[in-house]
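The lines below spell out each chain.
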Amino acid sequence: MTYTDEPGFYKEGEFGIRIENLLILQKDPNVEGFLSFENVTKVPYCRNLINTKFLTPFDVEYINQYHEEVRGLLAPLLGEDEIALKYLERETAPLE
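The rules behind each value
Within every chain, residues take consecutive numbers counted from 1 along the sequence as written. Restriction of local features to residues with pLDDT of at least 70 applies here, the model being predicted, together with a cutoff of 80 or more for giving and counting side-chain atom pairs; totals for whole chains, interfaces and linings are based on all residues. The basis for the side-chain values is all heavy atoms of the structure; hydrogens and waters are excluded. When a carboxyl oxygen of Asp or Glu is within 4 Å of a side-chain nitrogen of Lys or Arg, the pair counts as a salt bridge. Going along the chain from the N terminus, every DSSP run of H or I of four or more residues is numbered as a helix, and every run of E of two or more is numbered as a strand. Only protein chains enter the accessibility calculation, which uses a 1.4 Å probe; a residue whose area is less than 20% of its type maximum is buried, one above 50% is exposed, and one in between is partly exposed. Within the patch definition used here, like charges are joined within 9 Å and nonpolar side chains (Val, Leu, Ile, Met, Phe, Trp, Tyr) within 5 Å, considering only residues with over 30% relative accessible area and no salt bridge. Computed by Shrake-Rupley with a 1.4 Å probe, the accessible areas treat only the displayed protein chains as cover when residues are assessed. What pLDDT expresses is the predictor's confidence in each residue, scored from 0 to 100. Residue types Ala, Val, Leu, Ile, Met, Phe, Trp, Tyr and Cys, when buried and joined through side-chain atoms within 4.5 Å, form a set referred to as a nonpolar core. By definition in these notes, contact holds between two residues if any of their heavy atoms fall within 4.5 Å. Note on pairing: DSSP must find at least two bridges between two strands before they are called paired. Every axis in this analysis is a line fitted to C-alpha atoms, fitted for helices over the stretch in contact. Angles between the N-to-C directions lie between 0 and 180 degrees.

Novice: Would you mind going over the pattern of salt bridges in detail, with residue names and values included?
Specialist: Overall, the coordinates contain four salt bridges when judged by the stated rule. With a shortest N-O distance of 3.7 Å, Glu6 and Arg18 are connected by a salt bridge. Placement of the pair is Glu6 in the loop between strand 1 (2–5) and strand 2 (8–11) and Arg18 in strand 3 (residues 15–18), with a sequence separation of 12 residues. Overall, the relative accessible area of 45% leaves Arg18 in the partly exposed class. Of the charged contacts, one joins Glu91 and Arg90 as a salt bridge, the two residues approaching to 3.2 Å between their closest N and O atoms. Taking relative accessible area as the criterion, Glu91 reaches 11% and is therefore assigned buried. Salt bridges linked by common partners bring Glu6, Arg18 and Glu20 together as one network.

Novice: Please give an account of a nonpolar patch on the surface that cites residues and values.
Specialist: Where nonpolar side chains cluster on the molecular surface, the patch consists of Phe9, Phe15, Ile17 and Leu49 and spans about 390 Å² of accessible area. Tracing the chain through its elements places Phe15 in strand 3.

Novice: Could you give an account of the confidence of the model for the chain, naming the residues involved and the relevant values?
Specialist: In the predicted model, the chain carries a mean pLDDT of 93, and the fraction of residues at 70 or more is 100%. Of all the helices and strands in the chain, strand 3 carries the lowest mean pLDDT, 86, while helix 2 (residues 82–91) carries the highest, 97.

Novice: Report on the nonpolar core, specifying residues and quantitative values.
Specialist: Nonpolar side chains in soluble globular proteins tend to be buried together. Counting seven residues, the largest nonpolar core consists of Tyr45, Val60, Ile63, Tyr66, Val70, Leu88 and Leu95. In terms of residues, this core owes the most to one element, helix 1 (residues 57–78), which gives four residues. Apart from residues lying up to four places away in sequence, Val70 is in contact with Lys42, Val43, Pro44, Leu88 and Thr92.

Novice: How would you explain the sheet that holds strand 1 if you had to name every residue and give the values?
Specialist: Across the sheet, which stays open at both edges, the three strands sit in the order 1-4-5 with antiparallel pairing between neighbours. Both outer strands of the open sheet, strand 1 and strand 5 (35–39), are each paired with one neighbouring strand and no more. Strand-to-strand, the axes of this sheet are offset by a mean angle of 40°, without reference to chain direction.

Printed below as a string of C-alpha cells:
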C-alpha cells in the first residue's frame, strides 16, 4: 500500500513549507510480525531548510543515511554532468 508523508510548518499570514515523501507500507525485513515504511522518494532534502539544532542524533543519522542512498542511486544516472553531480554531492553531504 502506498502513502504520502507530508510534514510541514506554517506561520499564519506569512509562509509555509512542506516535505512530501511517497512511502510504501511493507513487512519489516528486520522484525517478524511488524510493518515498516520504505521511502520511495529519492530527492535530497533542501539543506537551507534544515536546522540541526532542532534535530536529535537519530534524526541526523536518518537524514544522512537517506542522503547517502539518494546519492548512490542518482549519481550513476547523471553520467558526466558535472554541474548536476556537484549539486548532488553538495546537497547530500552528511549533516554535521
